[in-house]
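Here are the chains, one letter per residue:
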Amino acid sequence: MTDSAVLHIKGRVLAGPDDVREDLWVVGGRVTFTRPAGSREIDTIEGWALPGLVDAHCHVGLDAHGAVDEATSEKQALTDREAGTLLIRDAGSPADTRWIDDREDLPRIIRAGRHIARTRRYIRNYAHEIEPEDLVAYVAQEARRGDGWVKLVGDWIDRETGDLSSCWPPGAVAAAIAEAHRLGARVTAHCFAEESLAPLVEAGIDCIEHATGLTEETIPLFAERGVAIVPTLVNIATFPQLAAGGERKYPRWADHMRRLHERRYDTVRAAYDAGVPVYVGTDAGGALAHGLVAQEVAELVKAGIPPLEALSATAWGAREWLGRPGLTEGASADLVVYEADPREDVRVLGTPRRVVLRGKVVS
């Protein structure tokens, strides 16, 4: 396909949950629903088209030990692209991945800068590890470095108590979130435990990652404030293994992690039923492999979220939440084509037929 060619997507174009078109054309890398006039070279792809999928919790440039080199980062991004993920909210990375923005063949990334954690209260080599008096300054720094998001570590294991506990006093986190908002950035936080959630929401946080500690007391607060969650259920599936590895040294923590795991589906379904916004994220790039977006959508369905809503959590709804266009007139042609209707069976997402990024077929 030459640069002057027209790409014709024919079949069913899912421009929205209830907006199904029969045709879409790509002209000059952009979407149009009007057939271009004149005689041109036209390549046709048939199938069911979705906007490029969103992984709203992913880490490009990171592995289990910290920052990785550019070759490894490239491989991670390509793996996500092959899975149909064309928009990533990078939820914290110590690596500088700005060079990816110059690559037209790699997914678009919305960065949250580097994690901000309490001293010795997170995975080594991942975060800025600081004390509360420095939180506002570091949040301001990462707000300026990121693409409209800042990532906090809201709770982690406390070695003195042997269990999960909050990392930040309410006053410090409220001041930090206010500073991020002043600078035009939204704030999200890693949270497993119950006790860390209400203070963060009351401080004005915009999103919580994992959110395994949600209860019938805190779910209404999330719904009232419109605070989103990204459950990362493919990551939560690892909790029993983590618990087994740390049980001898931290038995209270291990038991807590198992209980959070056991109720994970009930937690997500209760949040969804209450009206809490839920989005797809895999937590790829730490200990987890990239390219798991289809599995995460299937996990949301297993938790009881209707298939169309689970699709929206990685497609139309996720893009709207992140302020990025989907399949709209004049938008960049970032889309994935499947052989069957993903609304009927979300497992279809696991086998993309074609991936189109910036108007070019890349897979």
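Relevant structure appears above.
Residues numbered from 1 in each chain as written. Predicted model: local features only at pLDDT ≥ 70, side-chain atom pairs only at ≥ 80, totals over all residues. Heavy atoms only, no water.

Undergrad: Talk me through the overall build of the protein; I want residue IDs and the actual numbers.
TA: For the protein, the helix and strand inventory stands at 12 helices and 20 strands. The C-alpha atoms of the protein give a radius of gyration of 21 Å, which matches the 21 Å a tight globule of 363 residues would have. Dimensions along the principal axes, computed over C-alpha positions, put the protein at roughly 70 × 40 × 35 Å. Taken over 363 residues, the protein has a buried fraction of 56%. For the protein, the share of sequence-separated contacts (at least 6 apart) that also reach a separation of at least 24 residues comes to 65%. Of the roughly 15000 Å² that the protein leaves accessible, carbon and sulfur atoms contribute 46%. (Helix = DSSP H or I, 4+ residues; strand = E, 2+ residues; numbered from the N terminus. Rg over C-alpha atoms; globule rule 2.2 N^0.38 Å. Buried < 20%, exposed > 50% of the residue type's maximum accessible area, 1.4 Å probe, protein only. Contact = heavy atoms within 4.5 Å. Areas by Shrake-Rupley, 256 points an atom, 1.4 Å probe, with all protein chains shown as cover.)

Undergrad: Go over the pairing of strand β18 (residues 335-338) with me, naming the residues and quoting the values.
TA: Burial along β18 is two-sided: the residues Leu 335 and Val 337 and Val 336 and Tyr 338 are all buried. In this structure, strand β4 (residues 42-51) lies alongside β18, joined through four bridges in antiparallel fashion. The residue bridging Leu 50 from the neighbouring strand is Val 336, located in β18. Relative to strand β19 (residues 354-357), β18 runs antiparallel, the two being bridged by three bridges. Across the sheet, the residue bridging to Val 336 is Val 355, located in β19. (Pairing = 2+ DSSP bridges.)

Undergrad: Residues and numbers for the packing of aromatic side chains, please.
TA: Applying the stated criterion across every chain, the model contains six aromatic pairs. When the centroid spacing of 4.2 Å and the interplanar angle of 5° are considered together, the rings of Tyr 279 and Trp 321 count as stacked. Separated by 42 residues along the polypeptide, Tyr 279 in the loop between α9 (264-273) and α10 (293-302) and Trp 321 in helix α12 (residues 316-322) bring together distant segments of the chain. Overall, Trp 321 belongs to the buried group, its relative accessible area being 13%. Here the aromatic residues Tyr 122, Tyr 126, Trp 156, Phe 192 and Phe 239 are joined through ring pairs into a cluster of three or more. (Phe/Tyr/Trp six-rings, centres within 6.5 Å; stacked < 30°, edge-to-face > 60°.)

Undergrad: Provide a residue-level description of the pattern of salt bridges, including the pertinent values.
TA: Counted by the stated rule, this structure contains 20 salt bridges. One salt bridge in this structure joins Arg 98 and Asp 101, with 3.8 Å as the shortest N-O distance. Since its relative accessible area comes to 38%, Asp 101 is described here as partly exposed. A salt bridge links Arg 269 to Asp 273; the shortest N-O distance between them is 2.6 Å. Pair noted here: Arg 269 and Asp 273 are both in helix α9, with a separation of four residues, about one helical turn. (Salt bridge = Lys/Arg side-chain N within 4 Å of Asp/Glu carboxyl O.)

Undergrad: Mind laying out a positive patch on the surface, listing which residues take part and the relevant values?
TA: Residues Arg 120, Arg 124, Arg 159 and Lys 249 make up a contiguous surface patch of positive charge. Topologically, Lys 249 is positioned in the loop between α7 (239-246) and α8 (251-262). Under the relative-accessibility criterion, Lys 249 is labelled exposed at 65%. (Patch = residues over 30% accessible without salt bridge, like charges linked within 9 Å, V, L, I, M, F, W, Y side chains within 5 Å. Lys, Arg positive; Asp, Glu negative; His and termini not counted. Charge placed at Lys NZ, Arg CZ, Asp CG, Glu CD.)

Undergrad: Explain the sheet that holds β19 to me, and be specific about the residues and the numbers.
TA: Strand order in the open sheet formed by seven strands is β3-β2-β1-β4-β18-β19-β20, and the pairing between neighbours is mixed. Edge positions in the open sheet fall to β3 (30-32) and β20 (360-361), since each of these has one partner strand only. With seven bridges connecting them, strand β1 (residues 6-16) and strand β2 (residues 19-27) associate as antiparallel partners. Looking across to β2, one finds that Leu 7 is bridged to Val 26.

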